[in-house]
Structures are given as C-alpha cells and as structure tokens.
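A look at the structure
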Amino acid sequence: LKAHLTSVNTMTANFTQTDPRGRRAAGTVQMKRPGKVRFAYAGGDLLLVADGSKLNFIDYTVGQKSSWPLGKTPLGVLLSGSPNLKGKAEVMPSADPNVVIVRARDPAQYGSLTLAFLRNGAAPGGLQLYGWTAIDAQNKRTIVKLSDVRYNVAVGEGAFRY
C-alpha cells in the first residue's frame with residue numbers, strides 16, 4: 001500500500017458518486033500530490049477542488065462556496081505528499097483476495113475514508129485504486145467508484161484553480 005501511494009504522483013479517472021440520499025453524480029477527477037485534487041461534475045454546476053491547503057466546494061447553481069482545511073478532511077490522507085499511514089490507516093479484512101480494503105482516519109480529521117484497491121500487477125505498487133467511501137463528521141456516507149484510472153500522467157496546475 002505504501003509503495004502504491006508513494007509511487008503515484010498524479011492520477012486521472014472518471015468517477016461515479018452516490019450521496020447519502022442515493023443520488024448519483026458523475027464526472028472526472030484529477031489528482032496531483034501533494035494536496036491537489038479536482039472533481040469536475042458532469043453538467044458543470046458543481047466543483048470540488050483542493051489547492052494544496054484548502055478543500056473548496058463550489059455550487060455554481062446557487063452561487064455558494066464552502067471551504068475546509070485539507071488536512072482536516074478524509075481526503076488529506078489520500079493526497080499527502082509523503083503518506084504516513086501509521087496510526088491513521090489499517091488494512092481491513094476482505095472476502096475477496098484480489099481486493100485490499102484500507103480504513104483511514106486521522107483523529108484530527110472531520111471524518112473517515114475507506115479505500116478499495118484491486119490487485120493489479122501493472123498498477124503502481126501492484127494496486128489500482130477502485131474507489132472509496134467517505135464518512136463525514138455528521139456520519140453521512142458518500143461512495144465514489146473510479147473507472148479509466150491513469151497514473152502518473154500530466155496534470156497541469158490550472159486544474160486546481162476555479
């Protein structure tokens with residue numbers, strides 16, 4: 001797991017997200033370590049961007065922006081430049097030997113993240129990120145599944161501005 005996290009500098013993928021009410025949304029994700037991610041939702045009305053220090057949620061439909069310190073969100077563990085998982089993550093039992101489940105929670109954060117990796121010899125560290133379940137401070141669950149995952153591809157800095 002550590003080999004995977006330390007060898008992935010950038011990632012792009014398509015995502016499908018299911019929110020706590022069962023509503024689905026799709027879009028693209030771009031990630032660049034340390035601390036940067038962009039979730040661009042299809043339709044262009046929602047954007048989630050981490051710029052290295054803050055995680056910003058922008059809803060263009062209602063003209064609202066919310067921000068949180070990135071290190072206080074569950075994504076902080078995934079986006080760290082030097083992932084130190086000791087005391088923050090644990091590998092969980094999995095019924096499928098080809099699936100590695102990792103629960104990450106930093107006591108200083110506002111929630112937790114359960115990551116699912118598929119064993120894949122061609123992926124960095126032999127693991128491919130399949131998706132995750134985020135549980136926020138209100139105990140609400142959001143599930144994200146990835147497809148067309150590409151590692152260590154060019155991702156420009158402009159992706160993390162809005």
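Residues numbered from 1 in each chain as written. Predicted model: local features only at pLDDT ≥ 70, side-chain atom pairs only at ≥ 80, totals over all residues. Heavy atoms only, no water.

Here we take up the overall build of the protein chain. Helices and strands together make up the secondary structure of the protein chain, namely two helices and 11 strands. A globule of 162 residues ought to have a C-alpha radius of gyration of about 15 Å, and the protein chain, at 15 Å, matches this closely. Dimensions along the principal axes, computed over C-alpha positions, put the protein chain at roughly 45 × 35 × 25 Å. The buried share among the 162 residues of the protein chain stands at 42%. (Helix = DSSP H or I, 4+ residues; strand = E, 2+ residues; numbered from the N terminus. Rg over C-alpha atoms; globule rule 2.2 N^0.38 Å. Buried < 20%, exposed > 50% of the residue type's maximum accessible area, 1.4 Å probe, protein only.)

Going through the model one piece at a time under the given rule, you end up with three aromatic pairs. For the ring pair F15 and F39, a centre distance of 5.3 Å and an interplane angle of 80° mean the geometry is edge-to-face. Of the two residues, F15 sits in strand β1 (residues 10-18) while F39 sits in strand β3 (residues 36-41), which places them 24 residues apart along the sequence. Seen in terms of ring centroids, F15 and Y41 are 5.2 Å apart; in terms of plane orientation they differ by 85°. Their pairing is edge-to-face. Within this pair, whereas F15 is found in strand β1, its partner Y41 is found in strand β3, the two being separated by 26 residues in sequence. Members of the aromatic cluster, connected to one another through ring pairs, are F15, F39, Y41 and W132. (Phe/Tyr/Trp six-rings, centres within 6.5 Å; stacked < 30°, edge-to-face > 60°.)

This part takes up the pairing of β3. With respect to burial, β3 is a largely interior element, five of its six residues being buried. Here strand β2 (residues 24-32) pairs with β3 via six bridges, running antiparallel. Counted as the bridge partner of V29 is F39 from β3. Between β2 and β3, which pair antiparallel in sequence order, lie three residues; one of them, G35, sits at a positive phi of approximately 75°. Judged from the five bridges that link them, β3 and strand β4 (residues 46-51) form a sheet pairing that is antiparallel. Of the residues in β4, the one forming a bridge with V37 is A50. Linking two consecutive strands that pair antiparallel, namely β3 and β4, is a turn of four residues; a positive phi of about 95° is found at G43 within it. (Pairing = 2+ DSSP bridges.)

This part covers the pattern of salt bridges. Applying the stated criterion across every chain, the model contains four salt bridges. Among the salt bridges present, the one from D19 reaches R23, with a minimum N-O distance of 2.7 Å. Given a relative accessible area of 15%, D19 falls into the buried group. Residue classification places R23 among the partly exposed positions, given a relative accessible area of 48%. The salt bridge involving E90 is made with R103; its shortest N-O contact spans 2.9 Å. Note that E90 is positioned in strand β7 (residues 89-92) and R103 in strand β8 (residues 99-104), a separation of 13 residues in sequence. For E90, a relative accessible area of 40% corresponds to the partly exposed category. Through salt bridges with shared partners, a single ionic network connects K32, K36 and E157. (Salt bridge = Lys/Arg side-chain N within 4 Å of Asp/Glu carboxyl O.)

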